[in-house]
Amino acid sequence: MEPVDLLVVGAGQLVTMAGASERPKRGADLREIGAVADGALAARDGVIVDVGPAHEVLARVTTSPKTRVLDARGAAVIPGFVDSHTHLVFGGSREDEFALRVAGATYQEIMAAGGGIMNSVKATRAASQGEMVEQALRELDGMLLTGTTTVEAKSGYGLDLATELKQLRAIQELQARHPMDVVPTFLGAHEVAPEYRGRADEYVDLLIREMLPAVQAQGLARYCDVFCEKGVFTPEQTRRIFAAARDLGFALKLHADELSDLSGAQIAVEYGATSADHLLCISDESIWALAGSSTMATLLPGTAFYLKMPYARARAMVEAGCAVALASDFNPGSCPTYNMGLVITLACLGMALTPEEALAAATINGAHALGIADRVGSLEVGKQADLVILNASSHRHIPYRGGTGVVRTVVKRGVVVVEDGRLVR
Ligand code: NIG
Ligand code: FE
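All of these numbers come straight from a predicted model, not from anything done at the bench.

What counts, and at which threshold
- Residues numbered from 1 in each chain as written.
- Chains lettered and ligands numbered in written order.
- Predicted model: local features only at pLDDT ≥ 70, side-chain atom pairs only at ≥ 80, totals over all residues.
- Heavy atoms only, no water.
- Helix = DSSP H or I, 4+ residues; strand = E, 2+ residues; numbered from the N terminus.
- Rg over C-alpha atoms; globule rule 2.2 N^0.38 Å.
- Buried < 20%, exposed > 50% of the residue type's maximum accessible area, 1.4 Å probe, protein only.
- Contact = heavy atoms within 4.5 Å.
- Areas by Shrake-Rupley, 256 points an atom, 1.4 Å probe, with all protein chains shown as cover.
- Lys, Arg positive; Asp, Glu negative; His and termini not counted.
- Charge placed at Lys NZ, Arg CZ, Asp CG, Glu CD.
- Pairing = 2+ DSSP bridges.
- Axes fitted to C-alpha atoms, helices over the stretch in contact; angles between N-to-C directions.
- Donors = N, O, S within 2.8 Å, 3.2 Å for Na, K, Ca; no water.
- Core = buried A, V, L, I, M, F, W, Y, C linked by side-chain atoms within 4.5 Å.
- Near = heavy atom within 4 Å.
- Polar contact = N/O pair within 3.5 Å; in protein donor to acceptor, adjacent residues only side chain to side chain.
- Nonpolar A, V, L, I, M, F, W, Y, C, P; charged D, E, K, R; others polar.
- Parallel < 35°, antiparallel > 145°, perpendicular 65-115°, else oblique.
- Left-handed = near helix turned anticlockwise from the far one by under 90°.
- Phe/Tyr/Trp six-rings, centres within 6.5 Å; stacked < 30°, edge-to-face > 60°.
- Lys NZ or Arg CZ within 6 Å of the ring centre and 35° of its normal.

Asker: What am I meant to see in the overall build of the chain here?
Answerer: A count of helical and extended segments in the chain gives 16 helices and 17 strands. Computed over the C-alpha atoms, the radius of gyration of the chain is 21 Å, within 12% of the 22 Å expected from 2.2 N^0.38 for a compact globule of 425 residues. Sorting the 425 residues of the chain into buried and exposed places 61% on the buried side. Sequence-distant contacts, at least 24 apart, represent 73% of the contacts inside the chain between residues at least 6 apart. Approximately 15300 Å² of the chain is accessible, and the part contributed by carbon and sulfur atoms is 52%. Charge-centre separation for the chain: the mean point of 39 positive side chains lies 2 Å from the mean point of 50 negative side chains.

Asker: Explain the sheet that holds strand β13 (residues 324-326) here, please?
Answerer: Think of a sheet as strands paired side by side through backbone hydrogen bonds, with each pair either parallel or antiparallel. The strand order β6-β7-β8-β9-β10-β11-β12-β13 describes an open sheet built from eight strands, whose pairing is parallel. Whereas interior strands pair on both sides, the edge strands pair on one side only; in this sheet they are β6 (81-83) and β13. Neighbouring strand axes in the sheet, compared pairwise and without regard to direction, differ in orientation by 25 degrees on average. The pairing of strand β8 (residues 181-189) with strand β9 (residues 223-227) spans three bridges and is classified as parallel. Within β9, the residue paired with A189 across the bridge is V226.

Asker: How do you make sense of the pairing of strand β7 (residues 148-154) when you look at a structure like this?
Answerer: Walk down a regular strand and you will see the side chains alternate between the two sheet faces. Burial of β7 is extensive: seven of the seven residues sit out of reach of the surface. The sheet contact formed by β6 and β7 spans three bridges and is parallel. Note on β7: the bridge partner recorded for F81 is T148. Pairing of β7 with β8 involves five bridges; the strand directions are parallel. By the bridge assignment for β8, E152 is matched with V183.

Asker: Would you take a moment to explain the coordination of the iron ion (ligand 2) for this structure?
Answerer: Think of it this way: four donors in a tetrahedron around the metal ideally sit 109.5 degrees apart, and six in an octahedron ideally sit 90 or 180 degrees apart. Around the iron ion (ligand 2), the protein supplies H85 (NE2), H87 (NE2), H255 (NE2) and D329 (OD) as donor atoms, at distances of 2.1 to 2.3 Å. Positions of the donor residues of the iron ion (ligand 2) along the chain correspond to the pattern H-x1-H-x167-H-x73-D. Of this pair, H255 sits in strand β10 (residues 251-256) while D329 sits in the loop between β13 and α13 (340-351), and the two are 74 residues apart along the sequence. No difference in accessibility class separates H255 from D329, as the two residues are buried.

Asker: Quick question: what am I supposed to make of the nonpolar core here?
Answerer: Looking at soluble globular proteins, one finds that nonpolar side chains tend to be buried together. Core analysis: the biggest nonpolar cluster contains 120 residues, and L279, M317 and L326 have the highest contact counts within it. Here the element with the most residues in this core is helix α7 (residues 200-217); it accounts for eight residues. Membership of the second largest hydrophobic core comes to 19 residues, among which are V36, I48, L387 and I389.

Asker: Before we go on, may I ask you to explain the site of ligand 1 in this structure?
Answerer: Neighbouring ligand 1 are 15 residues, the closest being Y107, Y157, H190, E258 and S334. One of the side-chain N or O atoms of E258 is found 2.6 Å from a nitrogen atom in ligand 1. One of the side-chain nitrogen or oxygen atoms of S334 is found 2.6 Å away from an oxygen atom of ligand 1. Grouping the amino acids of the shell around ligand 1 by side-chain chemistry returns four nonpolar, eight polar and three charged.

Asker: Could you clarify how one ought to interpret the packing of helix α6 (residues 161-177) against α7 in this entry?
Answerer: A packed helix pair is summarised by two numbers, namely the angle formed by the two axes and the spacing between the axes. Two elements in contact, α6 and α7, have axes whose closest approach is 10 Å; the angle formed by their N-to-C orientations is 25 degrees. As judged from the angle between their axes, α6 and α7 are roughly parallel. Both α6 and α7 take part in a crossing whose hand is right-handed. Along the contact surface, α6 presents L161, E164, L165 and L168, while α7 presents M211, A214 and V215.

Asker: It is not clear to me how the side chain of Q237 should be interpreted in this structure. Could you clarify?
Answerer: Take Q237: it is sitting in helix α8 (residues 235-248). Classification of Q237 as buried rests on a relative accessible area of 7%. Within polar-contact distance, the side chain of Q237 engages the side chain of D201 at 3.0 Å. Setting aside its immediate chain neighbours within four residues, Q237 contacts A200, D201, V204 and V232.

Asker: What is the right way to read the side chain of E97 from this model?
Answerer: By the element assignment, E97 lies in helix α2 (residues 95-102). Separated by 2.9 Å, the side chains of E97 and N119 make a polar contact. Not counting residues up to four positions away in its chain, the partners in contact with E97 are I110, G115, G116 and N119.

Asker: Before we go on, may I ask you to explain the environment of A347 in this structure?
Answerer: Tracing the backbone through its elements, the reader meets A347 in helix α13. A347 sits in the buried class, given a relative accessible area of 0%. Not counting residues within four places of it along the chain, the set of residues in contact with A347 comprises P301, L326, A352, L353 and A358.

Asker: What is the right way to read the packing of aromatic side chains from this model?
Answerer: Centre distance and the angle of the planes are the two values used to describe a pair of aromatic rings. Going through the model one piece at a time under the given rule, you end up with eight aromatic pairs. For the ring pair F330 and Y338, a centre distance of 5.5 Å and an interplane angle of 70 degrees mean the geometry is edge-to-face. The burial state of F330 is the same as that of Y338; both residues are buried. Members of the aromatic cluster, connected to one another through ring pairs, are F90, Y157, F330 and Y338. One residue, K253, lies across the ring of Y223, its end atom 4.9 Å from the ring centre.

In structure tokens:
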């Protein structure tokens, strides 16, 4: 048998998340993390070829002097985090708005005064593709260092065709230049463009007539997302955009019920969206609609934390049978951290998810929220060797440590990209 390129041994606890590549985890299954004691994993050409109890794996695989052997020395090994909702690419930063919110202003007040998303739109229009790529490459490095191995990245700070395409091309360039898997989403409906203030329907016309077809023709995005919110896009406008995007072959995501309840989650379900995201203000009725659908409830507790809002009702969603994913929402305004360890801590402390539920939501269910659970999100034969060796003996150190100190080694497609907490160049 051909020797393997990578062999991970000495995993005191090997968290596989096995058995949920076809369908996301729900209910009690969310707590089943598929942990193997004294585990090992082997990969060839970036793909897992064997995984399980060490004595079995070692009896099956062949090594050569070229095989890279990683000894976890009794530590826990987990799948890399799949961060299925980020606004990775933008110009500028908004620390002054953070200070305003600390002093009592709300996100909506800042937005109404012309700040918020519009602030980033100005900076993003002014930035070159190269500048945005350089900024985002640093963020991607930081994400790898905190254990994230796959991210989604949205446009949405251009709001005109040229700048939206610039952002999406930046995302495409990142995919080529960085080991991270980056899944692109078109979010031209993030806010009504300043040129169309008070004429939102005309901006929606432009989105449907010009922007969506151009993005589709250039193959720059897999998903189309909309910010359905009071004062942004109405349910009716959301439906129009979704219908057009679906006809063009985009898969769908929705910023739903974040700051107010517009029954956005039900629109997501109605159009077969892959995920409905945020859900801070979701109604019971919408929870039941999600529970009976294949739409992922993607929760972003970092945003509630930064906006000082009540957390999403994750327990009610899990008990109702919703499939739940956790993501960062990394963006320059409502959540400037991408640290998935911290997100998991907030999910446990703020939303009462168990450490096991939170970890499943941040790995295999995140992969489902991106439609790529056949490739990432769990440690199973045939999937990418994307994994994290912790500095600790149990996955429970992740929520316990609030995003600090737990990531020792990160492997992306079988290649060591972080070693002893440092990037490998
Ligand atoms: O997911 N809700 C809309 N979009 C982002 C915030 C973007 C921003 O503030 O720049 C969010 O919270
Ligand atoms: Fe967002």
